[in-house]
Amino acid sequence: MADENLNQADPPYLHLLSAFLAMEPTDYLISLSRVCGGGSVTERVQRFIWSHCISESDEKFHAPYLKNFLKKLICEAELNGGPVLDQIYELYAHFMTSLMDGVVGKETARVNKCISFIFPNECFQLSSCPKSRKLMIPLQCSLNMLAGDTGCSVWPSSLYLSEFILSFPELFSNKSCFEVGSGVGLVGICLAHVKASEVILSDGDMSTLANMKLNLESNHLSIGTDIQKTIEDPKKSQVKCIYLPWESALKEQLQSFSPDIILGADVIYDPVCLPHLVRVLDTLLNQTKPYSKEQNENREASSLENTCTSDNLKDAKQRNGDNGNGLEAFLGKSERNGASGLESRKGPLALIASVIRNIDTFDYFLGLIDKASLTVTDITETLQPMNLLPYMKSYNRSEIRLFTVSCKHSS
Ligand SMILES: C[S@@+](CC[C@H](N)C(=O)[O-])C[C@H]1O[C@@H](n2cnc3c(N)ncnc32)[C@H](O)[C@@H]1O
């Protein structure tokens, strides 16, 4: 049969498979299937869907979603007068008798998605690019973005921040990174992938934290302690998960961390929480890192390493047509020093990605930042990540802004 000729690395098929695993809306799957078939969902495309999407998905894959996709697939093929594979009919008939209608949107359902970051061919030199050019991150998520399950959904800003981390790995490797409102843990998994020296994820919701830990485990990351790290592998990046409600976070607790980079994705939305979030950012940004002699030597070594890999940043600048302002904003005017620049910043830096859904809430955030003697720079236009999620039509990257926040005296 022609199945052997169907290559799942061919872009249209790769996009269809990735969209299926990411549980993109089923209408998008149909339109990607049409692209594969040159305008219609041919028998050949159905065979690909059967052998690479359906047969390969494990028993934990969300059956109501599959049922809905099969229904649309059959309608589409029949509408065009084309054949439908027997296996597809049979599986749909099985779901018809075994699954009740309306389960698809059940609010409490947890599903297993897989986010595939697809690196373009020319990116083989990026340290974050895996050999297969595809980085797959399985995640357990909620189907319900609101009502108590906010942190168990993947929000668009964390997709953007993940693309940013994977596009500029040298800005994060060998850095201590601390994320606020980490949700499912996607950003942390990307930070571990680019070898941040320390990854601390935090959230103020217990069930989100439990789900996040599960996701770290399914991505083969250990949720270690310092002692474990020393015994196992001192170079292995460590992921810690901490319960950190911004309202009750104590200054002393925050001062026990001294991150180089603080990250936050889609955390600016609730005006009630914002003064507390800004206080947390302010305390973390005002930390002076106490470096031991050994750490200073490591930093010099990593600075040299970064000098060697800074070609990636130059490539990125060319890609973005960046005149240097974005990088300078991010790096604290130190890129000319040769290394990635973060070494010579006077203090830590926060990277906040956000969809501005309510301008008043965002202006309130800016006012609080100003009162706290912090400064915000919008680097969205000047430092753009690669599009590593080309198949994800539900993700509108143009609605996301990326900001740096730093202390006025350190920039
Ligand atoms: C909109 S979700 C974004 C989650 C994740 N960063 C993403 O982009 O996918 C906001 C996250 O912030 C957390 N959060 C909201 N208010 C918080 C608070 N007051 N203290 C700590 N975490 C909070 C939520 O539990 C949730 O995980």
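As annotated in an unreviewed UniProt entry, the protein chain carries the name FAM86 N-terminal domain-containing protein and comes from Ficus carica.

A. Layout of the site of the ligand. Not every one of the 21 residues close to the ligand is listed here, only the nearest: Trp155, Gly181, Asp203, Glu247 and Ala265. The separation between an oxygen atom of the ligand and a polar side-chain atom of serine 158 is 3.1 Å. Contact between the ligand and alanine 265: a nitrogen atom at 2.9 Å from a main-chain N or O atom of the residue. Starting from 590 Å² of accessible surface for the ligand in isolation, the protein chains cover 93%.

B. Geometry of the packing of aromatic side chains. Per the counting criterion, the structure on display carries eight aromatic pairs. Arranged with centres 6.4 Å apart and planes meeting at 50°, the rings of phenylalanine 20 and tyrosine 65 form a pair that is tilted. Here phenylalanine 20 is found in helix α1 (residues 11-21), whereas its partner tyrosine 65 is found in helix α4 (residues 63-79), with 45 residues between them in sequence. A connected cluster of aromatic rings, assembled from ring pairs, spans Phe20, Tyr65 and Phe69.

C. Here's a closer look at the pattern of salt bridges. Counted under the stated rule, the structure contains nine salt bridges. In this structure, the salt-bridge partner of glutamate 43 is arginine 47, at a minimum N-O distance of 3.7 Å. Of the two residues, glutamate 43 and arginine 47 both sit in helix α3 (residues 43-54), four residues apart, roughly one turn of that helix. On the accessibility criterion, glutamate 43 (37% relative accessible area) is partly exposed. Among the charged side chains, a network of salt bridges with common partners joins Asp378, Glu381 and Arg401.

D. Spotlight on the state of the cysteines. A complete count under the given rule lists zero disulfides for this structure. In this structure cysteine 53 is not part of a disulfide, and its nearest cysteine sulfur, from cysteine 36, lies 8.8 Å away. Note on cysteine 53: relative accessible area 1%, which makes it buried. Cysteine 129 carries a free sulfur, and the closest cysteine sulfur to it, the one in cysteine 123, is 6.4 Å from it.

E. Spatial organisation of the layout of surface pockets. Within this model, the second largest pocket holds a volume of roughly 560 Å³. Forming the walls of the second largest pocket are 32 residues, and the residues nearest its centre are Thr150, Gly151, Gly181, Asp203 and Tyr269. Grouping the amino acids of the lining of the second largest pocket by side-chain chemistry returns 13 nonpolar, eleven polar and eight charged.

F. Region of interest: the side chain of serine 157. Mapped onto the elements of the fold, serine 157 is located in helix α6 (residues 156-167). On the basis of relative accessible area, serine 157 is assigned to the buried category, the value being 0%. Looking at serine 157, its side chain comes within polar contact range of the side chain of aspartate 266, at 3.1 Å. Not counting chain neighbours up to four residues away, the residues in contact with serine 157 comprise Ala265, Asp266, Ala353, Ser354, Val355 and Ile400.

G. Structural context of α6. Between the first and last C-alpha of α6 there are 17 Å, a value that for twelve residues agrees with the 16 Å anticipated at 1.5 Å per step. Buried within α6 we find Pro156, Ser157, Ser158, Leu159, Tyr160, Leu161, Ser162, Glu163, Phe164, Ile165, Leu166 and Ser167.

H. Examining the environment of glutamate 43 more closely. Sequence spacing of glutamate 43 and leucine 85 is 42 residues, and the spatial spacing of their C-alpha atoms is 6.9 Å. Glutamate 43 has contacts with Pro83 and Leu85, leaving out every residue within four places of it along the chain.

I. How the structure looks around the confidence of the model for the protein chain. Chain-level statistics for the protein chain give a pLDDT mean of 84 and a share of 77% at 70 or above. With pLDDT under 50 throughout, residues 299-310 is counted as low confidence; its partners more than four residues away or in other chains account for 18 contacts. The model gives residues 322-326 a pLDDT under 50, and that stretch makes nine contacts with residues more than four places away or in other chains.

J. Structural detail: the nonpolar core. With 90 residues, the main nonpolar core has Phe117, Phe119, Phe172 and Leu263 as its most contacted residues. Looking at which domains feed residues into this core, each of domain 1 (2-98) and domain 2 (144-410) gives three or more. Residues within four places of leucine 263 in sequence aside, it is in contact with Leu161, Ile165, Phe172, Cys177, Phe178, Glu179, Val180, Val187, Leu191 and Leu351. Core analysis: the next-biggest nonpolar cluster, separate from the first, contains 30 residues, Leu277, Val280, Leu285 and Val405 among them.

K. Region of the structure containing the packing of α6 against helix α7 (residues 186-193). Between α6 and α7, the least distance of the axes is 9 Å, while the angle of their chain directions is 5°. What the angle tells us is that α6 and α7 run roughly parallel. On α7, the residues touching Ser158, Leu159, Leu161, Ser162, Ile165 and Leu166 of α6 are Leu186, Val187, Cys190, Leu191 and His193. Residues belonging to the contact of α6 with α7 are distributed by class as follows: eight nonpolar, three polar and no charged.

L. Fine view of the pairing of strand β6 (residues 261-265). Within β6, five of the five residues are buried, which leaves it mostly tucked inside the rest of the structure. The two faces of β6 match: Ile261, Leu263 and Ala265 on one face and Ile262 and Gly264 on the other face are all buried. Of the pairings in the sheet, the one linking strand β3 (residues 176-180) to β6 comprises four bridges and is parallel in character. Paired with glutamate 179 across the two strands is leucine 263, which belongs to β6. Where β6 lies against strand β7 (residues 349-355), five bridges are found, and the strand directions are parallel.

Calculation notes
Residues numbered from 1 in each chain as written. Predicted model: local features only at pLDDT ≥ 70, side-chain atom pairs only at ≥ 80, totals over all residues. Heavy atoms only, no water. Near = heavy atom within 4 Å. Polar contact = N/O pair within 3.5 Å; in protein donor to acceptor, adjacent residues only side chain to side chain. Areas by Shrake-Rupley, 256 points an atom, 1.4 Å probe, with all protein chains shown as cover. Phe/Tyr/Trp six-rings, centres within 6.5 Å; stacked < 30°, edge-to-face > 60°. Helix = DSSP H or I, 4+ residues; strand = E, 2+ residues; numbered from the N terminus. Salt bridge = Lys/Arg side-chain N within 4 Å of Asp/Glu carboxyl O. Buried < 20%, exposed > 50% of the residue type's maximum accessible area, 1.4 Å probe, protein only. Disulfide = S-S within 2.5 Å. 1 Å grid on protein atoms, 1.4 Å probe; cavity = no way out; pocket = protein on both sides within 12 Å on 5 of 7 lines; lining within 4 Å. Points joined across faces, edges and corners; volume = space filled by probe spheres on them. Nonpolar A, V, L, I, M, F, W, Y, C, P; charged D, E, K, R; others polar. Contact = heavy atoms within 4.5 Å. Expected span 1.5 Å × (residues − 1). pLDDT = per-residue confidence, 0-100. Core = buried A, V, L, I, M, F, W, Y, C linked by side-chain atoms within 4.5 Å. Domains from an automatic or database assignment. Axes fitted to C-alpha atoms, helices over the stretch in contact; angles between N-to-C directions. Parallel < 35°, antiparallel > 145°, perpendicular 65-115°, else oblique. Pairing = 2+ DSSP bridges.

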